[in-house]
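Below are the chains, spelled out letter by letter.
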Amino acid sequence: MRFVDEFRNPELGRALAGEILATVETGRHYKIMEVCGGHTHSIYKYGVDDLLPANVELVHGPGCPVCVIPMGRVDDGIAIAHEPDVIFTCFGDMLRVPGANGTLLDAKAEGADVRMVYSPLDALRIARDNPDRPVVFYAIGFETTAPSTALTLKRAKAEGITNFSCMCNHVTIVPPLRALLDSPDLRLDGFIGPGHVATVVGGRPFEFIPADYGRPVVISGFEPLDLLQSVQMILRQLGDGRCEVENQYARVVPYEGNMAALKVMSEVFELRPHFEWRGLGFISQSALRLSDAYRDLDAEVRYQVPGVRVADPKACQCGEVLKGVIKPWECKVFGSACTPEHAIGTCMVSPEGACAAYYNYGRFARDREVV
Amino acid sequence: MTARLESAIVPPDPGVPPCGPDDHCITCGDVAVAMRVERVDAAARLAWCVPAGAAAAPGVGEWVDPELVGAVRPGDVVLVHAATALARLDAVGAPA
């Protein structure tokens, strides 16, 4: 298929792997973080890490939108879902994320009308079809998904659909990256930048990483050859002593981003002063809420939510996994008490989560030959 | 992807969590797919799109909001996430 097959060519993959092997310095250990959960999924689905020398380590970052939602926000959603007559809509992965009071699927089993949707537009369609019932959309996602929510809220307002509202959990990628870079227990050599977030925000928001922290960034596509080439570009920067933002995904990502998307986001959303990230704690100005102009469509204004902070289960080490401090298989409950069927932590719930990616594709600890 | 596209026109069973191949929720996962515009509903401001490499077939496709990429015409290829076109692929140098 066009746009796909050409980026899965095994001969080109072998050639790139050979170039990477020729680029690395013997005896040096490289730690490269792939920021986006979609990259994590692709790396383990296609075995990209098996093509890398043992001294090139991929560290999995916080870019899985499901994995970073704290338990308290799940409980807030469940509380709204139990409100009388409410139709509660959300994306599929979110249904299985455990809060302190179970999951949204549990709420559905208890009688709440919880429905899976594929887009905010689907949720709006449900609101149109059920004018006598309030419909709430539980919005999650990074800057890739936020424009879709923003456009849908604009439609709702334009069409005068008053039974539609949104519980906004959209997050932004730059503040957690800065928090990670400030973390003393993390040493990284470079970043594989999130390709689809960059489609919206462009490359400039990542320029602080080379400027302030001296680490290269390569914005990457999601096919196996995209990822291999991005690793090679990072290694080349390190070898050349360069440090900049490069765009491997130029076939999709304009460096300036999508100005129309940024405009509609700025109209519909505003930054929250603080937002709690699972495993990372509270990070300033790292999430979005509805702006004053759209406050009438804000589910958190329409309904009373508990708003209680819930500590993660003690056995769960999602925080360390999200920060790349430990590998998923180093968590005490990985693959035993915590599996995709019975997840304790969010990293095991979403296929984009590092734990689920390891578990589903059998990527456990193993010895590799050191270059 | 086909499962997701089909379910865009057939209301999904709310009791079935997987919403993509390999139990992979492509909306949660920041995944975007290349799709080709088949027809445009100007009144609804939506475009009916199918996977870029696939032929049009009954039941395959989804309605996409093209507002962020400007006016689209049948044959245009766009990058779609959560039923929203985020980029016009041809405009940024997609391979022919």
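Note that the structure is predicted; figures quoted are calculated from it, not measured.

Draft legend 1. Here's a closer look at unusual backbone geometry. All names here are of chain B. Of note, R45 is a non-glycine position whose phi angle comes to about 55°, a positive value. Locating R45 in the fold gives a position in the loop between β1 (33-41) and β2 (46-51). Of the residues examined, R45 has 13 C-beta atoms within 10 Å and is grouped as partly exposed. The residue A83 is not glycine, and still its phi comes out positive at about 60°. A83 gets classed as buried once you count the C-beta atoms within 10 Å, which come to 22.

Draft legend 2. Seen up close, the pairing of strand β7 (residues 190-194) of chain A. Residues and elements named next belong to chain A. Counting buried positions along β7 yields 5 of 5 residues, so the element is predominantly enclosed. As judged from the 3 bridges shared by strand β1 (residues 30-36) and β7, these two strands associate in the parallel manner. Residue pairing for β7: M33 is matched across the bridge by F191. Pairing analysis gives 4 bridges linking β7 to strand β8 (residues 217-220), with the strands arranged parallel. Its bridge partner being in β8, F191 is matched across the sheet by V217.

Draft legend 3. Geometry of the sheet that holds β1(B). All names here are of chain B. Spatially, β3-β2-β1-β4-β5 is the arrangement adopted by the 5 strands of the open sheet, whose pairing is antiparallel. Each end of this open sheet is capped by a strand with a single partner; those strands are β3 (62-64) and β5 (84-88). Across the sheet, the axes of successive neighbouring strands diverge by a mean angle of 50°, strand direction being ignored. Two elements, β1 and β2, share 6 bridges in a ladder whose sense is antiparallel. Bridge assignment links V37 to a residue of β2, and that residue is C49.

Draft legend 4. Fine view of the confidence of the model for chain B. Residues and elements named next belong to chain B. Averaged over every residue, the pLDDT of chain B is 73; the share at 70 or more is 62%. In the model, residues 1-21 has pLDDT below 50 throughout and makes 40 contacts with residues more than four positions away in sequence or in other chains. Scored as a complex, the prediction yields pTM 0.87 and ipTM 0.86.

Draft legend 5. Looking closely at the environment of K45(A). All names here are of chain A. By the secondary structure assignment, K45 is in helix α2 (residues 37-46). On the basis of neighbour counts, which here come to 15 C-beta atoms within 10 Å, the residue K45 falls in the partly exposed class. Sequence separation between K45 and C243 is 198 residues, and the spatial gap between their C-alpha atoms is 30 Å.

Draft legend 6. Representation of the nonpolar core. By size, the foremost hydrophobic cluster in this structure holds 141 residues, and its most contacted members are F88(A), V78(B) and L79(B). When residues in this core are grouped by element, the largest group, 8 residues, is from helix α10 (residues 224-240) of chain A.

Draft legend 7. Summary view of the environment of K108(A). Topologically, K108(A) is positioned in helix α4 (residues 104-109). Separated by 150 residues in sequence, K108(A) and N258(A) place their C-alpha atoms 37 Å apart.

Draft legend 8. Local environment of the sheet that holds β7(A). Residues and elements named next belong to chain A. Taken in spatial order, the 5 strands make up an open sheet running β2-β1-β7-β8-β9, and their pairing is parallel. Strands with a single pairing partner mark the edges of an open sheet, and in this sheet they are β2 (56-63) and β9 (245-247). Taking each pair of neighbouring strands and ignoring which way they run, the sheet shows an average axis angle of 25°. By the bridge criterion, 6 bridges tie β1 to β2 in an arrangement that is parallel. Bridged to Y30 within β2 is V56. Relative to the sheet, α2 contacts β1, β2, β7 and β8, its axis offset from that of β1 by approximately 120°.

Definitions and limits used
- Residues numbered from 1 in each chain as written.
- Chains lettered and ligands numbered in written order.
- Predicted model: local features only at pLDDT ≥ 70, side-chain atom pairs only at ≥ 80, totals over all residues.
- Helix = DSSP H or I, 4+ residues; strand = E, 2+ residues; numbered from the N terminus.
- Buried ≥ 20, exposed ≤ 12 C-beta atoms within 10 Å, placed from the backbone.
- Pairing = 2+ DSSP bridges.
- Axes fitted to C-alpha atoms, helices over the stretch in contact; angles between N-to-C directions.
- pLDDT = per-residue confidence, 0-100.
- Contact = placed C-beta atoms within 7 Å.
- Core = buried A, V, L, I, M, F, W, Y, C linked by C-beta atoms within 7 Å.

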